[in-house]
Amino acid sequence: MARVHNFSAGPAALPLEVLEQTASELIDYRGCGMSVLEMSHRSAAYQRIYDETEACLRRILSIPDTYQVLFLQGGATLEFAAIPLNLMRRGRAGYVVSGNFAKKAWEEARRYGEAVALASSEDTNFDRIPDLSPVAERAACGDLDYIHICQNNTIFGTMYHELPSTGEVPLVADVSSCFLSMPLDIERYGVVYAGAQKNAGPAGVTVVIVRRDLIEDGPALPICPTYLDWRTQAAKGSMLNTPNTFGIYLCGKVFAWIERTGGLAAMEQRNRAKAELLYSLLDGIDLFFGTAQPASRSIANVTFRTASPELDAAFIAGARERGIEGIAGHRLVGGMRASIYNAVDMASVEALAAYMTEFEENRR
Ligand code: PMP
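Residues numbered from 1 in each chain as written. Predicted model: local features only at pLDDT ≥ 70, side-chain atom pairs only at ≥ 80, totals over all residues.

Under an unreviewed UniProt entry, the name given to the protein chain is Phosphoserine aminotransferase, and the source organism is Collinsella ihumii. For the record of the protein chain, the UniProt heading Subcellular location (unreviewed entry) holds the text "Cytoplasm". Of the protein chain, the UniProt comment under Function (unreviewed entry) reads exactly: "Catalyzes the reversible conversion of 3-phosphohydroxypyruvate to phosphoserine and of 3-hydroxy-2-oxo-4-phosphonooxybutanoate to phosphohydroxythreonine." (UniProt positions renumbered as here; feature names shortened; annotations may be inferred.)

Below, the structure is given as structure tokens:
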């Protein structure tokens, strides 16, 4: 069996163990005589899968009872609309524009109310998390329904190393590409949400963790589609309609793998070690440049380039010959991007590091 070194930004590598277990249960799930794909979401067997998936996520993230967990569809992108539709009750929210998805979230919110850009790093093509002092200042004014950040900017390879102070204003965070890569202090947030397809499971599942008082204190906006109404989804246990049953089941398998292999503290340690190896090469080899400013570097997506697009292309082509896949950078940045999520093991990162060293030596 030949498995490549998969550095894809998402959908991304899944733990081999998870794939093997899923394959072994596919035809007959634990004596049910059918696969999870064929099972009613209203069956007792499926409800057990759902409940254990949620319980495991609650254990690994230490999610307090005061927070609701939802497994929805439509990706992080649909939540860009759900957030204002649920929370913009007074019509105004703050956004930090730190990357492509942060900007998309902001633009979507502007369809429903006043979305104020509190800080932006677009002037330097999002190579950093912007200075966050205006966020705290504006939060103190007390006129915002929430403040939105994108905690890890997948395309630009930047992440928050400290959260902004938002005082009493609920902090809403798109954690799509850093979800489950390290512990998260859930109580710092009003809402965290993530598309599953990086660290949590397959595409097609969106995890939303929302502080219960935010959905209990008032209704969603009247124009909010029923599906997007978090209060309704909470009352229905994420089964207002047919959920992504198989996707949620697979997420449960990934959560159990994380728990078995040491939990989020262990994930963070491994992810930091992988990132440090790559960043040490970017700082040490003249041929390669990191595109994110050092103080904002992500431990999930490492973005870099050489001096020319031609050399970048040669590097990417050579990588493929060595079984290193998914390292072409996003078109908005160019160059390369190594997404080193939980399921990308150190051996893969070492293979990439060895190739980078070899590539540089061959050009001396
Ligand atoms: N936010 C972030 C940080 C992302 O990386 C992505 C996609 N990769 C999105 C939002 C959009 O997610 P989706 O495709 O799940 O809608």
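Moving on from the coordinates now.
**Q** Tell me about unusual backbone geometry, and please be specific about residues and values.
**A** Of note, the bond from Gly10 into Pro11 is cis; its omega dihedral lies within 30 degrees of zero at -5°. Its place among the elements puts Pro11 in the loop between strand 1 (5–6) and helix 1 (16–25). The backbone of Ser62 shows a phi angle near 50°, a positive value even though the residue is not glycine. Mapped onto the elements of the fold, Ser62 is located in the loop between helix 2 (44–61) and strand 2 (67–72). A residue is classified by how many C-beta atoms lie within 10 Å of it, and Ser62, with 13 of them, is partly exposed. Even without being glycine, Asn125 reaches a positive phi, approximately 50°. (Helix = DSSP H or I, 4+ residues; strand = E, 2+ residues; numbered from the N terminus. Buried ≥ 20, exposed ≤ 12 C-beta atoms within 10 Å, placed from the backbone.)

**Q** Residue-level account of the domain arrangement of the protein chain, with values.
**A** Per the domain assignment, the segments making up the protein chain are domain 1 (16–260) and domain 2 (262–362). Measuring from the centre of the C-alpha atoms in domain 1 to the corresponding centre in domain 2 gives 27 Å. Contact with domain 1, which involves 23 residues of that partner, is made by 23 residues of domain 2. Contributing elements (two or more residues each) for the side of domain 1 that touches domain 2: helix 2, strand 7 (158–159) and helix 8 (245–260). Taken together, the residues that form the side of domain 1 that touches domain 2 break down as 11 nonpolar, eight polar and four charged. (Domains from an automatic or database assignment. Contact = placed C-beta atoms within 7 Å. Nonpolar A, V, L, I, M, F, W, Y, C, P; charged D, E, K, R; others polar.)

**Q** Tell me about the site of the ligand, and name the residues and values.
**A** Surveying the vicinity of the ligand reveals the residues Gly10, Gly75, Ala76, Thr77, Phe101, Cys150, Thr154, Asp174, Ser176, Ser177 and Gly195. Residue contributions to the shell around the ligand peak at three residues, all from helix 3 (residues 75–87). (Near = placed C-beta within 6 Å.)

**Q** Provide a residue-level description of the nonpolar core, including the pertinent values.
**A** By size, the foremost hydrophobic cluster in this structure holds 102 residues, and its most contacted members are Tyr95, Ile147, Val191 and Val207. Of the residues forming this core, the biggest block, eight residues, is contributed by helix 8. No fewer than three residues from each of domain 1 (16–260) and domain 2 (262–362) sit in this core. Excluding anything up to four places from it in sequence, Val207 contacts Phe71, Phe179, Tyr193, Ala194, Ala196 and Ala200. (Core = buried A, V, L, I, M, F, W, Y, C linked by C-beta atoms within 7 Å.)

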